[in-house]
Amino acid sequence: MVDATRDRVDPQKMDTTPIRRPSWIRVRAPSGETYEWLQKLMRQKALHTVCEEAGCPNMGECWGSGTATFLMLGDVCTRTCGFCDIKRGKPAVLDFLEPERVAQAVKAMNLKHAVITSVNRDDRRDGGAPIFAMVIQRIREIHPGCSIEVLIPDFKGSAEALRIVMNARPEILNHNVETVPRLFKLVQPQDRYEWARATLTHAKMMDPDVLTKSGIMVGLGETMDEVKAVMQDLRSWGVDILTIGQYLQPSRQHLPIARYYTPEEFEELREFGYQIGFKWVESGPLVRSSYHAAEQVRALSAVHRQLYG
C-alpha cells in the first residue's frame, strides 16, 4: 500500500484540465463563529468530518448552521475512487474509543440529526461495522431524541457485517451507488455494482422500518438514460430516499468533469424519481448525501417515531 495521498489520476496520462463552472454553481466559503467553534471542537476530540476531508461544497452552509457529517474509522481509505479527495493508503489501527468522542461531539453540538460515515476499511473482514453500531448506541444513550443516519461502505456485500449495523437500528441506512454500472471501473475501481445492490436490498429485508437511501453523482460521462436506469434499479431494491448532485473535481489529480448538468436537468431527474416511487428526492447541482437529511427523518422515519413518539 502506498503512503497516504489524495492523488487519484496522473494528469500526464489523462487530460484533467478543469472546465469553467457555470453561473448556477456558486459555493459559499466556510466562515463565521459557529464554523470556527466546530472546527476547534473536531480538533479537540481528534475527530474527522467528511465535510473537510472530501471538500464538500455545502460545508459553509452546514457548519454555519451547526451541523456536520462525521467521518469515522480514521481518515485514510483503502480504496482509490477517482472522484474522492479523502486520503488513500494504509490506515491506522481501528480506534474503538472513536464512537465515544463522536457521541460527545454530537451532544456538544446539540444536534437533532447526526450523519455518520466512514472511509472503507478493506483491511478488516467486518469493514469496521462494529464501530457504526457502537456510535449509534452511544448517541442514543447520551443524546436521546437525536436521529441518526449512517452512510456506510458496501462491506464487499457482506450480510454479516451489514447486520451488525442494522441491529443497532439507525433511522436511515445510506449507501451511495455513486455512478452508473458502465463507469464503475473508472470511477470506483474497487467497488462493484452488485455489492451496492446487496447492501441496499439486504438492509431493507433485515428491517423494513429503517429508511434506505442512496446517491448518484452526475457529470462523469454517463447519459441521462443511464442515470434513469440506475434510479429504477435503486427503486426496485427498495430504496426510499435518493440524492442526485453534480460531481465537482477536487483537483487536477482527480477525474475530470465531462459536463455540468443544468438546473432543468436536475429538476427532470427529481420529477422522474417521484414518478417511479421514491419517498423523497433531492436533486440539484450542490446536493450531497446529507443534504436536508433531518427533514427526511422527521417526515418519514417509523424508527424515530417508535423510539421517541
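Refer to the structure above for everything that follows.
Residues numbered from 1 in each chain as written. Predicted model: local features only at pLDDT ≥ 70, side-chain atom pairs only at ≥ 80, totals over all residues. Heavy atoms only, no water.

Asks: I keep staring at the overall build of the protein and nothing clicks. Help me out?
Replies: Within the protein, the regular secondary structure consists of 12 helices and 10 strands. Out of the 309 residues in the protein, the part that is buried amounts to 55%. Restricting the contact set of the protein to residue pairs at least 6 apart, pairs at least 24 apart contribute 77%. Surface accessibility of the protein: about 13,500 Å² in total, with carbon and sulfur atoms responsible for 50%. (Helix = DSSP H or I, 4+ residues; strand = E, 2+ residues; numbered from the N terminus. Buried < 20%, exposed > 50% of the residue type's maximum accessible area, 1.4 Å probe, protein only. Contact = heavy atoms within 4.5 Å. Areas by Shrake-Rupley, 256 points an atom, 1.4 Å probe, with all protein chains shown as cover.)

Asks: How do you make sense of the pairing of strand 10 (residues 280-283) when you look at a structure like this?
Replies: The side chains of a regular strand alternate, first on one face of the sheet and then on the other. Along strand 10, one buried face is formed by Trp-280 and Glu-282 and the opposite face, lined by Val-281 and Ser-283, is buried too. With four bridges joining them, strand 9 (residues 241-246) and strand 10 adopt parallel strand pairing. Of the residues in strand 10, the one forming a bridge with Ile-244 is Ser-283. In this fold, the crossover linking strand 9 to strand 10 by way of helix 10 (residues 263-275) has right-handed handedness. (Pairing = 2+ DSSP bridges. Right-handed = clockwise from strand over helix to strand, strands pointing away.)

Asks: Where do I start with the packing of helix 5 (residues 129-142) against helix 6 (residues 159-166) in this structure?
Replies: At their nearest, the axes of helix 5 and helix 6 sit 8 Å apart, and the two run at 10° to each other. With respect to their mutual orientation, helix 5 and helix 6 come out roughly parallel. Here Ala-129, Pro-130, Phe-132, Ala-133 and Ile-136 of helix 5 come into contact with helix 6, specifically with Ala-161, Ile-164 and Val-165. Considered class by class, the residues forming the contact of helix 5 with helix 6 number eight nonpolar, no polar and no charged. (Axes fitted to C-alpha atoms, helices over the stretch in contact; angles between N-to-C directions. Parallel < 35°, antiparallel > 145°, perpendicular 65-115°, else oblique. Nonpolar A, V, L, I, M, F, W, Y, C, P; charged D, E, K, R; others polar.)

Asks: Explain the nonpolar core to me, please; I cannot follow it from the model alone.
Replies: If you look at soluble globular proteins, the nonpolar side chains tend to sit buried side by side. If you look at the biggest cluster of nonpolar residues, it comprises 78 residues, and the most contacted ones within it are Phe-70, Ile-116 and Leu-234. A total of eight residues in this core trace back to one element, the largest contributor, which is helix 5. With residues near it in sequence (within four places) discarded, Leu-234 still touches Val-177, Leu-200, Ser-214, Ile-216, Val-239, Leu-242 and Phe-278. One finds Ile-172, Ile-241, Trp-280 and Val-297 within the second-largest nonpolar core, a separate group that totals five residues. (Core = buried A, V, L, I, M, F, W, Y, C linked by side-chain atoms within 4.5 Å.)

Asks: I keep staring at helix 10 and nothing clicks. Help me out?
Replies: Helical periodicity: at 3.6 residues per turn, an α-helix aligns residues three or four positions apart in one direction. Look at helix 10: 18 Å from first C-alpha to last across 13 residues, which is about the 18 Å you get at 1.5 Å a residue. Residues of helix 10 that are buried include every one of Glu-265, Phe-266, Leu-269, Phe-272 and Gly-273, and no others. Down the axis, helix 10 shows its buried residues gathered within 120° of arc, on one side only. In helix 10, the exposed positions that point more than 90 degrees away from the buried face belong to Glu-264 and Gln-275. Those residues of helix 10 that are buried are in contact with strand 8 (211-218), helix 9 (224-236), strand 9 and strand 10. (Expected span 1.5 Å × (residues − 1). Arc of directions from axis to C-beta.)

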